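# Structural overview for review
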Amino acid sequence: MSFHTNFEKWKEQSKKENCPVCNDEDMPEGMEDLYEAEYTWLNAEPVECLKGACHVTSKFHAIELYDLTDDQLMGFMKEVQIYAEALKKVTNAVKINYEIHGNTLPHFHLHLYPRYMHDPFPGQPIDYNDKSNQYKEGEFEEFVENLRNEIDKIQK
């Protein structure tokens, strides 16, 4: 769903009382909670456009960056910083890309995309619909465990 295809539904979900995140509705199939911090949840799914791709979701209802209070914004970004550092170490990525959209889910969240020397999108934006980079047997579980451990190390 996108506001481009169903504006009325998107507009309704943008209200806190109808927000799927705020109402603790089921996450998309396969998505897993990886980490919970004071301001955010970190999620990932085993079928993604890039291995190691993660979502950082605000615990506070907002649509735009400016909807967050200063404390919420600073807390959110500090936790993004920790997750990104851990993600880069665990994946050995060359660079971490940070993307904020919200046109499909009207609750503030940020995407972390590890970029690799030989990823499938050299010199171009990531194609989110290309889900060909799937983990091999046991690889996603290993990624999740390693990322959680690295986040714990950084926070100490």
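Read on for a plain summary of the structure. For clarity, every value in this text was computed on a predicted model and none was experimentally measured.

Rules used throughout
- Residues numbered from 1 in each chain as written.
- Predicted model: local features only at pLDDT ≥ 70, side-chain atom pairs only at ≥ 80, totals over all residues.
- Heavy atoms only, no water.
- Helix = DSSP H or I, 4+ residues; strand = E, 2+ residues; numbered from the N terminus.
- Rg over C-alpha atoms; globule rule 2.2 N^0.38 Å.
- Buried < 20%, exposed > 50% of the residue type's maximum accessible area, 1.4 Å probe, protein only.
- Contact = heavy atoms within 4.5 Å.
- Areas by Shrake-Rupley, 256 points an atom, 1.4 Å probe, with all protein chains shown as cover.
- Pairing = 2+ DSSP bridges.
- Axes fitted to C-alpha atoms, helices over the stretch in contact; angles between N-to-C directions.
- Phe/Tyr/Trp six-rings, centres within 6.5 Å; stacked < 30°, edge-to-face > 60°.

## A short note on the overall build of the chain
Counting secondary structure elements, the chain contains three helices and seven strands. Walking the chain from its N terminus toward its C terminus, one meets helices and strands in the order α-β-β-β-β-α-β-β-β-α. Computed over C-alpha atoms, the radius of gyration of the chain comes to 16 Å, within 12% of the 15 Å expected from 2.2 N^0.38 for 156 residues, which places it in the range of a compact globule. Seen through its principal axes, the chain has C-alpha atoms that stretch 40 × 35 × 30 Å. Counting every position in the chain, which comprises 156 residues, the buried fraction comes to 41%. Considering only intrachain contacts with a sequence separation of at least 6, the fraction spanning at least 24 residues in the chain is 60%. For the chain, the exposed surface amounts to about 9,200 Å²; the carbon and sulfur share of it is 49%.

## Observations regarding the sheet that holds strand E2 (residues 40-44)
Read across the sheet, five strands follow the order E1-E2-E4-E6-E5 without closing on themselves; strand pairing throughout is antiparallel. Each edge of the open sheet carries a strand with a single partner, namely strand E1 (32-36) and strand E5 (95-99). Within this sheet the neighbouring strands show an average axis-to-axis angle of 25 degrees, counted without direction. Two strands pair when backbone bridges link them, and E2 and strand E4 (residues 54-58) are joined in this way by four bridges, in the antiparallel orientation. Residue pairing in the sheet places Thr-40 in a bridge with Ser-58 of E4. Where helix H2 (residues 70-91) meets the sheet, it contacts E1, E2, E4, E5 and strand E6 (109-115), and its direction lies at approximately 25 degrees from that of E6.

## Section: the packing of aromatic side chains
Taken as a whole, this structure holds nine aromatic pairs when the rule is applied. For the ring pair Tyr-35 and Tyr-83, a centre distance of 6.2 Å and an interplane angle of 70 degrees mean the geometry is edge-to-face. Of the two residues, Tyr-35 sits in strand E1 while Tyr-83 sits in helix H2, which places them 48 residues apart along the sequence. Overall, Tyr-35 belongs to the buried group, its relative accessible area being 15%. Seen from their ring centres, Tyr-39 and Phe-60 are 5.9 Å apart, and the 45 degrees between their planes marks the pair as tilted. Residue Tyr-39 is found in the loop between E1 and E2, and its partner Phe-60 is found in the loop between E4 and H2; the two are separated by 21 residues along the sequence. With a relative accessible area of 17%, Tyr-39 lands in the buried category.

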